[in-house]
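# Inside the fold
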Amino acid sequence: MEHDDVRRWMDAYREAWISNAPDAVAALFTDDAVYQPEPFTQSWVGRDEIVRRWTAGISQTVDMTYDVVVVEDDVAIVHWRVITQNSGDRVRVEYDGLLQLRFAADGRCAEHREWFSRRELD
């Protein structure tokens with residue numbers, strides 16, 4: 001993986017988050033991918049479970065920026081910042097965190113781990 005490959009994946013990740021479209025989410029991950037949404041929680045195992053759990057959420061507006069910090073072989077570390085707002089809710093939530101991503105040879109994510117802090121803005 002190169003930095004540009006990771007940027008393209010992160011752009012698709014952002015678009016999948018915004019659209020919440022199952023096909024867009026599925027295109028990001030390998031069949032046997034592991035997604036750990038935060039430390040100390042049970043990982044989501046397999047693309048089907050990732051898609052099911054991801055798309056079960058509430059519709060949100062999403063403003064996301066990111067910086068690819070490092071890419072070494074098939075692993076990338078990305079610093080991301082997100083502001084979300086659930087549909088019909090006046091409260092916005094800000095997240096700041098790191099992603100550790102391991103990619104398969106075809107550019108899909110095989111392992112996704114998140115660490116983040118969150119705060120309410122309104």
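Our structure is the block above this text.
Another point: the pairing of strand β1 (residues 29-36). As judged from the 4 bridges shared by β1 and strand β6 (residues 109-120), these two strands associate in the parallel manner. Note on β6: the bridge partner recorded for Y35 is H112.

Take the sheet that holds strand β2 (residues 44-45) next. Within a beta sheet, neighbouring strands are joined by backbone hydrogen bonds and run either parallel or antiparallel to one another. Strand order across the open sheet formed by 6 strands is β2-β1-β6-β5-β4-β3, with mixed pairing between neighbours. Both edges of this open sheet fall to β2 and β3 (60-72), since each of them pairs with a single strand only. Relative to β2, β1 runs antiparallel, the two sharing 2 bridges. Pairing of Y35 across the sheet is with W44, part of β2. Set on the sheet, helix α1 (residues 3-19) makes contact with β1, β3, β4 (75-86), β5 (92-103) and β6; between it and β3 the angle comes to about 160°. In the packing of helix α3 (residues 47-55) onto the sheet, contacts are made with β1 and β2, and the angle to β1 comes to roughly 55°.

As a further point, take α1. When the terminal C-alpha atoms of α1 are compared, their 24 Å separation across 17 residues agrees well with the 24 Å that a helix rising 1.5 Å per residue should span. Looking at α1, one finds that the buried residues are V6, W9, M10, Y13, R14, A16 and W17. Around the axis of α1, the buried residues are gathered within 160° of arc, so they sit on the same side. Following α1 by one or two positions, N20 adopts a phi angle in the positive range, close to 55°.

A few words now on the pattern of salt bridges. According to the stated counting rule, one finds 11 salt bridges in the structure shown. Ionic pairing is found between D67 and R81, a salt bridge with its closest N-O pair at 3.2 Å. Of this pair, D67 sits in strand β3 while R81 sits in strand β4; the two residues are 14 residues apart in sequence, bridging distant segments of the chain. Here D67 falls in the partly exposed class, since its relative accessible area comes to 41%. The salt bridge involving D106 is made with R108; its shortest N-O contact spans 2.8 Å. Three or more residues joined by partner-sharing salt bridges are found here, namely E49, R52 and R53.

For the rest of this paragraph, the subject is the side chain of S43. Here S43 lies in the loop between β1 and β2. The exposure class of S43 is buried, given its relative accessible area of 18%. Among residues more than four places away in sequence, those in contact with S43 are V34, Y35, Q36, E49 and R113.

The biggest cluster of nonpolar side chains holds 31 residues, and the ones touching the most others in it are W9, M10, Y13, F29 and W54. Contributions of two or more residues to this core are made by α1, β1, α3, β3, β4 and β5. At 6 residues, the largest contribution of residues to this core is made by α1. When residues no more than four places from it in sequence are discounted, the contact partners of W9 are L28, F29, L101, F103, G107, C109 and H112.

The rules we used
- Every chain begins its residue count from 1, and numbering advances along the sequence as written.
- Reporting in this predicted model follows two pLDDT cut-offs: at least 70 for local features of residues, and 80 or more for side-chain atom pairs to be given and counted; totals over whole chains, interfaces and linings ignore these cut-offs and use all residues.
- Processing note: side-chain calculations cover all non-hydrogen atoms of the structure and skip hydrogens and water entirely.
- At least two bridges found by DSSP between two strands are what make those strands a pair.
- Labels follow the DSSP assignment, with helices taken as runs of H or I lasting at least four residues and strands as runs of E lasting at least two, numbered in each case from the N terminus.
- Any two residues whose heavy atoms approach within 4.5 Å are treated as being in contact.
- Working convention: axes come from line fits to C-alpha atoms, limited for helices to the stretch in contact. Angles between N-to-C directions cover 0 to 180 degrees.
- To estimate the expected span of a helix, subtract one from its residue number and multiply by 1.5 Å.
- Residue exposure (1.4 Å probe, protein chains only): buried if accessible area is under 20% of the type maximum, exposed if over 50%, otherwise partly exposed.
- Directions pointing from the helix axis toward each C-beta atom define the arc.
- We count a salt bridge whenever a side-chain nitrogen from Lys or Arg sits within 4 Å of a carboxyl oxygen from Asp or Glu.
- Only buried residues count toward a nonpolar core. Its members are Ala, Val, Leu, Ile, Met, Phe, Trp, Tyr and Cys residues joined through side-chain atoms within 4.5 Å.

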